[in-house]
Amino acid sequence: MLKHSHHNIQTAIILIVSLFAISAKAQTEIGRDSLLNYSLMFRGMSRNDITIPVNYDKSKSPRNDSKLILPVVERIMKEPLSSFTFLDEVSKLSGADFSTLLNKFSALLNHKVVDSNKISRLRQFTFDELIKEVKKFVKQGTRAKRRVDTILSKEQRDFLRSNLLSVIGEDDFDDNNSDIFKFNVARDSSIKTSMRAIDLLDNDTLKKFVDEKIYSVRYLYQLYEDLKTNIGNFGEDGGEEIDNDNVKGQFIFYYDEDGIRIAIGGKGKNLYKGKFNFIIDLGGNDDYEIESGDIFSENNFSCIFDFGGNDIYGATDNYSLAGAAFSANVIFDKSGDDVYAGKSVSLGSAVCGIGILYDEDGNDTYRANQFSTGAASFGIGLLIDRNGNDVYLANSYSQGFGMTEGIGAIIDDKGNDSYLIDARSLDIGRYEDHYISMSQGYGLGLRPYYAGGIGLIIEGEGNDIYNADIFGQGGAYWYSLGCIADKTGHDKYNSYQYSQGAGIHLAVGLLQDDDGWDFYSSNGVSQGCGHDFGFGLLDDRKGNDNYSAYSLSQGAGNANGIGVFIDESGRDGYLNKEPGNSRGYGNSRREYGSIGVFIDGAGDDFYSNRSDSVIQNSSVWGVMNDFYLMDLPSQVSGNNFKIEVDSSKDYSRDEYFIMAKTIEPRFSKWQEFGFRKLIEDSLQTPQYILKYLDTDDHRAALVLRNVSQRIYNTMGNFLSDKLMLYNTSMRPGEVFNENEVAFICYLFGETRNPAGKEQLLNLTYSDNIRIRDAAVNALGKIPVDSSETEFINKVSQRLREMASENSPNKLFNKDLAYAFKNYNNLDNIATLFNMMNNDYYGVRFTAAEALQKFGDEYLNYLSDEKLYEAASEPDWFRSFLNSILNISESGFKNLFTRILSVKNPDDDMTILNYEDLLKNYNKGVSPDFIAWDKEMTVFLQSKSILKVK
C-alpha cells in the first residue's frame, strides 16, 4: 500500500511523503529510482527539479563565493541525484588495490593520475640495490623540496609555519569567549589568517609539487610490495646491536649523515626516536617516537615500512606519523595489533602534500588530535586499513575530512570498527554543552570565501559504531562534499546535529548503508536533510533498521535545501518527536519551497505519532502508557550560560554594531543591548550602516536587515534617495557597486518598504543579473495598493517582458513568478500559464499560486486548447491542477469534467493527482457539491489500490 501525506501548496511548503509496502512481485519490479521518480511525479516534479540553482561562476555575492570548488562537488550540487552514481563508485573502492585508490582520489582533485606502467620496479634485488634505491629516493625528495623555497618567500614560509592549521577555519578563541569585543577581534583575526593561508596555498606551482609527491607515494607502494616478496632474503644474521639517541636494538643498516637518517631494523624489538627519512623494519614489537622537524626543511619527507609485530607508533609533534606538510609522508604496516598515537596532521593527513597510512592486518588503534586520521587540504590524506577490529579516536576535523582543495578518507575493508570523536572543541556558535566534530566523512569550506573539499569514510564489512556530536557522519558545509559509504554490518550511527547525510549551506552530505540491521540516532538537521541550498541524502538499502531523531530529519528540506531519505527494504522503526517537520518535509524560504522526500520501499514498518495522556494496549503481553502526571523540570541544553551586559560604560556606535552582530548564544544579552542602541539613534544609524552594504560578514548583513525593519520609514526614505542618486548618476559605479545596490534591493524586499518602488522598477533594466534579480525580488514583496493601477500596469508589463526572454537562471525565473503574485493584471495570465511549463519546480509552483489569485477570471482563459496544452506533460499538468484551486464551486465542477475528457484517469499517477486535487479543493460547501465530490472520490479510489491520505 502506498501511503502519502502532504501539505497544501498554498502554504508554500514543498512536501513529499511516500511510504511503500510493496508486494513481493512488485518489489522485484520497482527499484529505488522508480520509487523516487514515482514520488516526485506525484508531487508534480521530476528529477530535473532536484538541483541547487545557484550561480557557480559569475555575479557572486560577497557573502556567497564558491572559489576553488571541486568539479565533482559542483556537478553533484547541480545534479544531486547523481549522488547515487557517485556512492556506487565510492562503495566499489572498498577492497580496491592501492593504485586504484590513489588514482581515484587524485582524479577527484584534478591532480595527475599515475600510469602504473611508468613506475619502475626492483622486483628481485640485492640488499645493496635496496640501499642504493632508498638513498637515491630520499635525495631526490630533498632536491624537489628546495623548489618550495622559490615559490614562497621567507615571510610567507614563516607565516605558514605558524598558521598552517588555520586552513580549517575559526578557532575556539580560548580565553576570549567571555569578552564580546575580544571575541570579535579574535574571530575576525582568525578568519583573515585562514584566508591568507589559503591564498598562499592556492598556487599552481605548489599543485605541481603535490603531483610529484603523488607519483612518489605510488612508487613507494610498489617498493613496499616488492620488498614483501624479498623480505626473507634480508637480516638472516640478525644485524648489529646499536644503542644511541635515535635507535636501539638490532639493525642491519643505519645511516645518519648530511641531515639524512635511514634505518633498517631487524626482526626483534627496536626503538626509533627522532626524525627519520626512511625506516624499514623487518619485524618485532617496535616502538616509534617520531618527530617531524621543520615543515620547510629540505628533508621533511618520511617513510616507514614495518613488516610485522605489535607496534606502538608515537609522535612528539605535529606533521608526523604519516602527516605531511609540503611533503609526502607514509607508513606501510603489514601486520600486528598496532597502536598509532599522533598529534595534529597525522595518521594519513596532509596540507599541501600527501599523507598515507596503510595497515594490512591487525586490531589497531588510531588516536590523534585535530586534522588527522584521513584529513587533507590542498592534497590527499588517506588511512587504509585492510582487516581487523579497529578503533579510531580523534578530536575534530578528522576521520575522513576534506578542507579546501583536499580529499581526506578512511578506507576500512573488514572488521568491527569504532569511530569516536573526543569532545574538546566547544561549539560556541550554537551550544554551551556540545562540541564541534567536523569528522567522519565530512567536507568543509571557509564561508563565504572558499569552497571546501571532500571527506570520505568507505567501510566494507563489519558491525561498526560511529559517534560524533555537531557536524559529522556524511555531512558537509559550504561548497564541499562529505560521505559515508558502509557496505555491510549491523551499524550504529550516533550524533547530535548536522549529520547522517546532511548538506549544510551549499554543500552535499551523503550516507549510504548497503546492508545490516542499523540504528541511527540524532537530534536534528540530520538523516537526509538539506539546509540552505544544501543537499542531504540518507540511503539505507537493506535491513531491519531503527531511526530516532527530534526534528528536521528523515527526509527534510529547510531554507531551500533538498533532503532525501530512502530506506529500500526491511522492517523498520521511525521515532520522531516533531513529525510535523520531518519525514518528507519542506518549508518556504526565498519565496519558494524546499524539498523533502521520505521513501520506505518495503517492510512492515513502525512510526511514532503524537501521543500524550493516553493508554494503549500494545500487545497481549505489553502495555503502552503515556500518563498525565506533571512533568519534572530537566536540564536545559544550550541556554544555561549568558554573559551579563556591563551597561555602566559608554560605548561607540562601532561597538554597538559589534554587539548586535554577535550571534553566539552566550552573548545574546549583549546582542539585544547593542541592537536596541542602534535603533534608538534612528537618524544617524542609516548613514552609519552604509559602509556595511558590501560586507562579506553574514552576521553584519543580518543586523542591517533587522535594523531596517525596526526603523522602517527613516531607512526606507534614506535608501530610496540613495537609489535615485545611483539611477540618475552618469557614473553609477562611483555611487555604489553592484553588491551594494543588490543588497539595498534586498533590504527593501525584506522590510516590505514601498518607498523605493519606482527606483526598483528602474533597476529591472540593469544589465547586471544580480541587480535585476534583486530588484524583481523586492518588487514582489513590497505592498502595492490595488488603486495604484498605473504602477501595477507598468510593473506587469516589465515582468512579462523579462519572462519572454526565457532566462536560463532558475532563481531569476522563480523571482519573476513570485513578483507576478503582487500585481493583479489580467494580461499576466497567459505568461503565468506558460511559466507552469518551466523546467524548475520553484517557477511552476509559484506561477500556479499566482494564477490562483485570479479565480474565475482565470477560468475564462482556460479553453479546451489550453487544457490539452497543460495535459501534455506530467510536471505541467500537476502544476496546472494546483492553479485551479481558487475557482468557484460551479466553475470547478464544470472544469473538472472538462479535464477528465481531456486526460482520462487511466493510470495510477493521474488518478492520484485527481484525488489530491479533490482533497485540496476546499471551496465546495453546498450539499450538492459535497455529494458530487464524494462520488468522484469513490470513483477514483475504485480505479487504484493506491490511496491519498
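Report follows, based on the coordinates. From a predicted model like this one, the values you see are computed outputs, not experimental measurements.

Digging into the overall build of the protein chain
Next up, step 1: Along the protein chain, the regular secondary structure elements total 27 helices and 47 strands.
Next up, step 2: By the compact-globule yardstick of 30 Å for 949 residues, the protein chain fits well, its C-alpha radius of gyration being 31 Å.
Next up, step 3: Within the protein chain, buried positions represent 61% of all 949 residues.
Next up, step 4: Across the protein chain, every contact between residues at least 6 apart in sequence was considered, and the portion connecting residues at least 24 apart equals 77%.
Next up, step 5: Just so you have it, the protein chain exposes about 36600 Å², and 47% of that area is on carbon and sulfur atoms.
Next up, step 6: Counting 99 positive and 137 negative side-chain charges, the protein chain places the averaged centre of each group 4 Å from the other.

Side note on the packing of helix α14 (residues 712–728) against helix α15 (residues 738–751)
Next up, step 1: Close contact between α14 and α15 brings their axes to 11 Å; oriented N to C, the two are set at 145°. Where α14 crosses over α15, the handedness of that crossing is left-handed. Where α14 abuts α15, its residues Tyr712, Gly716, Leu719, Ser720, Leu723 and Tyr726 lie against Val741, Ile744, Leu747, Phe748 and Thr751.
Next up, step 2: When the residues that make up the contact of α14 with α15 are grouped by side-chain class, the tally is eight nonpolar, three polar and no charged.

Details of the environment of proline 665
Next up, step 1: Assignment of secondary structure puts proline 665 in the loop between α10 (653–661) and α11 (668–680).
Next up, step 2: Separated by 22 residues in the primary sequence, proline 665 and isoleucine 643 place their C-alpha atoms 9.2 Å from one another.

Concerning the packing of aromatic side chains
Next up, step 1: The full count for this structure, using the stated rule, is 72 aromatic pairs.
Next up, step 2: Ring plane angle 70° and centroid distance 5.9 Å describe the contact between tyrosine 841 and phenylalanine 845, whose orientation is recorded as edge-to-face. Note that tyrosine 841 and phenylalanine 845 are positioned in helix α21 (residues 841–852) at a spacing of four residues, about one turn of the helix.
Next up, step 3: When its relative accessible area of 2% is taken as the criterion, phenylalanine 845 is described as buried.
Next up, step 4: One residue, lysine 757, lies across the ring of phenylalanine 791, its end atom 5.1 Å from the ring centre.
Next up, step 5: One residue, arginine 878, lies across the ring of phenylalanine 42, its end atom 5.4 Å from the ring centre.

Points about the side chain of serine 495
Next up, step 1: Note on placement: serine 495 falls in the loop between β28 (492–494) and β29 (497–499).
Next up, step 2: Given a relative accessible area of 6%, serine 495 falls into the buried group.
Next up, step 3: In terms of polar contacts, serine 495 uses its side chain to reach the side chain of glutamine 500, at 3.2 Å.
Next up, step 4: When near neighbours in sequence (up to four residues on either side) are disregarded, serine 495 contacts Ala468, Asp469, Gln473, Gln500, Ser521, Ser522 and Asn523.

Topic: the nonpolar core
Soluble globular proteins tend to bury their nonpolar side chains together.
Next up, step 1: The biggest cluster of nonpolar side chains holds 248 residues, and the ones touching the most others in it are Phe105, Phe278, Phe305, Phe326 and Phe880.
Next up, step 2: At 11 residues, helix α9 (residues 204–230) tops the list of elements feeding residues into this core.
Next up, step 3: Sequence-distant contacts of phenylalanine 880, that is, excluding residues within four places in its chain, are made with Phe833, Met836, Tyr858, Leu862, Leu867, Ala870 and Ile899.
Next up, step 4: If you look at the next biggest cluster of nonpolar residues, it comprises 35 residues, including Ile242, Tyr288, Tyr340 and Tyr419.

Focus on the pattern of salt bridges
Next up, step 1: Using the criterion set out here, one finds 46 salt bridges in the structure.
Next up, step 2: Between aspartate 49 and arginine 844 there is a salt bridge; the shortest N-O distance is 2.5 Å. Of this pair, aspartate 49 sits in the loop between α2 (32–42) and α3 (71–78) while arginine 844 sits in helix α21, placing them 795 residues apart in sequence. Like aspartate 49, the residue arginine 844 is buried in the burial classification.
Next up, step 3: One salt bridge in this structure joins arginine 196 and glutamate 155, with 2.8 Å as the shortest N-O distance. Of this pair, arginine 196 sits in helix α8 (residues 180–201) while glutamate 155 sits in helix α7 (residues 154–163), and the two are 41 residues apart along the sequence.
Next up, step 4: In this structure arginine 196 comes out as partly exposed when scored by relative accessible area, which is 28%.
Next up, step 5: A relative accessible area of 43% places glutamate 155 in the partly exposed class.
Next up, step 6: Connected through salt bridges with shared partners, the residues Arg32, Asp33, Asp88, Asp514, Asp539, Arg541 and Glu568 form a single ionic network.

Focus: helix α26 (residues 908–920)
Next up, step 1: Look at α26: 18 Å from first C-alpha to last across 13 residues, which is about the 18 Å you get at 1.5 Å a residue.
Next up, step 2: Residues Met909, Thr910, Ile911, Leu912, Asn913, Tyr914, Glu915, Asp916, Leu917, Leu918 and Asn920 constitute the buried set of α26.
Next up, step 3: N-cap assignment for α26: the residue whose side-chain oxygen lies 3.1 Å from the backbone N of methionine 909 is aspartate 907.

Topic: the sheet that holds strand β21 (residues 436–439)
Next up, step 1: Taken together, five strands build an open sheet; the order of strands is β21-β25-β29-β33-β37 and the sheet is parallel. In the strand order of this sheet, the two ends are held by β21 and β37 (551–553), each with one partner. Each neighbouring strand pair of the sheet contributes to a mean axis angle of 10°, computed without reference to strand direction.
Next up, step 2: Where β21 lies against strand β25 (residues 470–472), two bridges are found, and the strand directions are parallel. Within the sheet, the bridge partner assigned to serine 439 lies in β25 and is glycine 472.

Digging into the environment of aspartate 88
Next up, step 1: Within the secondary structure, aspartate 88 is located in helix α4 (residues 83–91).
Next up, step 2: Along the sequence, aspartate 88 and alanine 485 sit 397 residues apart, while their C-alpha atoms lie 8.6 Å from each other.

Things to note about the pairing of strand β3 (residues 240–243)
Next up, step 1: As paired strands, β3 and strand β4 (residues 247–257) are joined by four bridges and run antiparallel to one another. Across the sheet, residue aspartate 243 finds its bridge partner in β4, namely lysine 248.

A look at unusual backbone geometry
Next up, step 1: Backbone torsion omega between arginine 447 and proline 448 reads 0°, so that peptide bond is classified as cis.
Next up, step 2: Position of proline 448 among the secondary structure elements: in the loop between β22 (442–444) and β23 (454–459).
Next up, step 3: Look at aspartate 258: it is not a glycine, yet its phi comes out positive at around 55°.
Next up, step 4: With respect to the helices, strands and loops of the structure, aspartate 258 is situated in the loop between β4 and β5 (260–265).
Next up, step 5: The class for aspartate 258 is exposed, based on a relative accessible area of 73%.
Next up, step 6: A positive phi is found at tyrosine 319, a non-glycine position, where the angle reads about 60°.
Next up, step 7: Relative to the helices and strands, tyrosine 319 resides in the loop between β10 (312–315) and β11 (323–325).
Next up, step 8: A relative accessible area of 13% means that tyrosine 319 is categorised as buried.

Section: helix α17 (residues 769–779)
Next up, step 1: Within α17, 11 of the 11 residues are buried, which leaves the element mostly enclosed by the surrounding structure.
Next up, step 2: Taken together, the buried positions of α17 are occupied by Ile769, Arg770, Ile771, Arg772, Asp773, Ala774, Ala775, Val776, Asn777, Ala778 and Leu779.
Next up, step 3: Elements that come into contact with the buried residues of α17 comprise α14, α15, α16 (757–763), α18 (789–804) and α19 (810–820).
Next up, step 4: N-capping of α17 is provided by asparagine 768, with a side-chain oxygen placed 2.9 Å from the backbone N of arginine 770.

Considering a negative patch on the surface
Next up, step 1: Residues Glu240, Glu241, Asp243 and Asp245 make up a contiguous surface patch of negative charge.
Next up, step 2: Note that glutamate 241 resides in strand β3.
Next up, step 3: On the accessibility criterion, glutamate 241 (48% relative accessible area) is partly exposed.

A look at the side chain of aspartate 281
Next up, step 1: Along the chain, the position of aspartate 281 falls in strand β7 (residues 278–281).
Next up, step 2: Buried and unpaired, aspartate 281 has no salt bridge, with lysine 269 as the nearest side chain of opposite charge at 10 Å.
Next up, step 3: Within polar-contact distance, the side chain of aspartate 281 engages the side chain of tyrosine 272 at 2.5 Å.
Next up, step 4: If near-sequence neighbours (up to four positions away) are discounted, aspartate 281 is found in contact with Gly265, Gly266, Asn270, Tyr272, Asp286, Tyr288, Phe305, Asp306 and Phe307.

Some remarks on the pairing of strand β16 (residues 375–385)
Regular strands place their side chains on alternate faces of the sheet.
Next up, step 1: The element β16 is extensively covered by neighbouring structure, given that 11 of its 11 residues are classed as buried.
Next up, step 2: Strand direction decides the pairing type here: strand β14 (residues 349–359) and β16, joined by 10 bridges, are parallel. The residue bridging glycine 353 from the neighbouring strand is glycine 379, located in β16.
Next up, step 3: Where β16 meets strand β19 (residues 406–412), seven bridges bridge the pair, whose relative direction is parallel. By the bridge assignment for β19, leucine 382 is matched with alanine 409.

Here we look at the packing of α10 against α11
Next up, step 1: Contact pair α10 / α11: the axes reach a minimum separation of 7 Å and the direction vectors enclose 135°. Taken as axis vectors, α10 and α11 run oblique relative to one another. Here α10 runs over α11; the crossing is left-handed. Along the contact surface, α10 presents Arg653, Tyr656, Phe657, Met659 and Ala660, while α11 presents Trp670, Gln671, Phe673, Gly674, Phe675, Lys677 and Leu678.

Thresholds applied
- Residues numbered from 1 in each chain as written.
- Predicted model: local features only at pLDDT ≥ 70, side-chain atom pairs only at ≥ 80, totals over all residues.
- Heavy atoms only, no water.
- Helix = DSSP H or I, 4+ residues; strand = E, 2+ residues; numbered from the N terminus.
- Rg over C-alpha atoms; globule rule 2.2 N^0.38 Å.
- Buried < 20%, exposed > 50% of the residue type's maximum accessible area, 1.4 Å probe, protein only.
- Contact = heavy atoms within 4.5 Å.
- Areas by Shrake-Rupley, 256 points an atom, 1.4 Å probe, with all protein chains shown as cover.
- Lys, Arg positive; Asp, Glu negative; His and termini not counted.
- Charge placed at Lys NZ, Arg CZ, Asp CG, Glu CD.
- Axes fitted to C-alpha atoms, helices over the stretch in contact; angles between N-to-C directions.
- Left-handed = near helix turned anticlockwise from the far one by under 90°.
- Nonpolar A, V, L, I, M, F, W, Y, C, P; charged D, E, K, R; others polar.
- Phe/Tyr/Trp six-rings, centres within 6.5 Å; stacked < 30°, edge-to-face > 60°.
- Lys NZ or Arg CZ within 6 Å of the ring centre and 35° of its normal.
- Polar contact = N/O pair within 3.5 Å; in protein donor to acceptor, adjacent residues only side chain to side chain.
- Core = buried A, V, L, I, M, F, W, Y, C linked by side-chain atoms within 4.5 Å.
- Salt bridge = Lys/Arg side-chain N within 4 Å of Asp/Glu carboxyl O.
- Expected span 1.5 Å × (residues − 1).
- Pairing = 2+ DSSP bridges.
- Patch = residues over 30% accessible without salt bridge, like charges linked within 9 Å, V, L, I, M, F, W, Y side chains within 5 Å.
- Parallel < 35°, antiparallel > 145°, perpendicular 65-115°, else oblique.

Function cannot be read off these values alone, since they describe shape.
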